[in-house]
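Below, each chain spelled out in residue letters.
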Amino acid sequence: MKQTISILVENQAGVLNKITGLFSRRAFNIESLAVGVTDDPSISRITIIVDSGNSVVEQVEKQLNKLVDVIKVRTLEDDRMIGRELMIAKVSCTTKTRVDIMNLCQIMGAKIADVSPTTMTLELSDTTERLELFQSLLRPFSILEVARTGLIAVQKGSGKI
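Residues numbered from 1 in each chain as written. Predicted model: local features only at pLDDT ≥ 70, side-chain atom pairs only at ≥ 80, totals over all residues. Heavy atoms only, no water.

1. Overview of a negative patch on the surface
Together, Glu77, Asp78, Asp79, Glu129 and Glu132 line one region of the surface with negative charge. Assignment of secondary structure puts Asp79 in the loop between strand 4 (70-76) and strand 5 (81-92). (Patch = residues over 30% accessible without salt bridge, like charges linked within 9 Å, V, L, I, M, F, W, Y side chains within 5 Å. Areas by Shrake-Rupley, 256 points an atom, 1.4 Å probe, with all protein chains shown as cover. Salt bridge = Lys/Arg side-chain N within 4 Å of Asp/Glu carboxyl O. Lys, Arg positive; Asp, Glu negative; His and termini not counted. Charge placed at Lys NZ, Arg CZ, Asp CG, Glu CD. Helix = DSSP H or I, 4+ residues; strand = E, 2+ residues; numbered from the N terminus.)

2. Some details on the sheet that holds strand 4
With antiparallel pairing, the 4 strands of this open sheet are ordered in space as 2-3-1-4. Across the chains shown, the open sheet's two edge strands, defined by having one partner strand only, are strand 2 (30-37) and strand 4. Averaged over all pairs of adjacent strands, the angle between their axes in this sheet comes to 15°, without regard to strand direction. Relative to strand 3 (residues 43-51), strand 1 (residues 2-10) runs antiparallel, the two being bridged by 9 bridges. By the bridge assignment for strand 3, Ile5 is matched with Ile48. (Pairing = 2+ DSSP bridges. Axes fitted to C-alpha atoms, helices over the stretch in contact; angles between N-to-C directions.)

3. Section: the pairing of strand 7 (residues 119-126)
Among the 8 residues in strand 7, 6 count as buried, and that is most of the element. In this sheet, strand 7 lies alongside strand 6 (residues 111-115) in antiparallel orientation, the contact comprising 4 bridges. Looking at strand 7, one finds that Ile112 is bridged to Leu122. Counted between consecutive antiparallel strands, the loop separating strand 6 from strand 7 contains 3 residues. (Buried < 20%, exposed > 50% of the residue type's maximum accessible area, 1.4 Å probe, protein only.)

4. Observations regarding the layout of surface pockets
Roughly 400 Å³ of internal volume is contained in the largest pocket. Along the walls of the largest pocket sit 16 residues, with Lys2, Ile49, Thr128, Glu129 and Leu151 positioned nearest its centre. Elements with a minimum of two residues in the lining of the largest pocket: strand 1, strand 2, strand 5 and helix 4 (128-138). Here the residues of the lining of the largest pocket sort into 3 nonpolar, 7 polar and 6 charged. (1 Å grid on protein atoms, 1.4 Å probe; cavity = no way out; pocket = protein on both sides within 12 Å on 5 of 7 lines; lining within 4 Å. Points joined across faces, edges and corners; volume = space filled by probe spheres on them. Nonpolar A, V, L, I, M, F, W, Y, C, P; charged D, E, K, R; others polar.)

5. Some remarks on the side chain of Gln135
By the element assignment, Gln135 lies in helix 4. Discounting chain neighbours no more than four positions away, the residues touching Gln135 are Met87, Ile143, Val146 and Arg148. (Contact = heavy atoms within 4.5 Å.)

6. Looking at a nonpolar patch on the surface
Taken together, the side chains of Leu16, Leu33 and Val35 make up a nonpolar region of the molecular surface, amounting to roughly 210 Å² of accessible area. Its location among the elements puts Leu16 in helix 1 (residues 15-25).

7. Looking at the pattern of salt bridges
Applying the stated rule across the entire model yields 4 salt bridges. The closest approach of N and O atoms between Lys18 and Asp69, which form a salt bridge, is 2.9 Å. Pair noted here: Lys18 is in helix 1 and Asp69 is in the loop between helix 2 (54-66) and strand 4, with a separation of 51 residues, a long-range link. You can call Asp69 buried: its relative accessible area is 8%. Its salt-bridge partner being Asp126, residue Arg130 comes within 3.0 Å of it at the nearest N-O pair. For Asp126, a relative accessible area of 13% puts it in the buried group.

See the structure below:
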């Protein structure tokens, strides 16, 4: 079962190492990790996706809360969060396939970031499922390169971490 953990931490060197070390010591595989500064430059938000049971995640939450640099920890439920991921993909194209790729981008809501005579670089920010669909639809055009961020998420409604 995949769990999304959102952590507010002090924006200092070494904090990410302490947090990932906690997961590593417990042999948890981190499937996705995204870190960014919040509206307050002294605070960063870390979003971690792990594949683990609820009781295990509760234990990790307690351990995370004991770390000095951690301000707040919350497990976000899938139906109570808004999560997005960014993908940048470079595909081969010809004058014949360029229009098909552009139509696919329009349907999926992707942006064309760069065009060359033989390639197109595309970007899409969406749910993980929609990115996987977009990537599968791009395969017939010969994907040359893909870069994806980890999921970032916030709680729905007026609640916050």
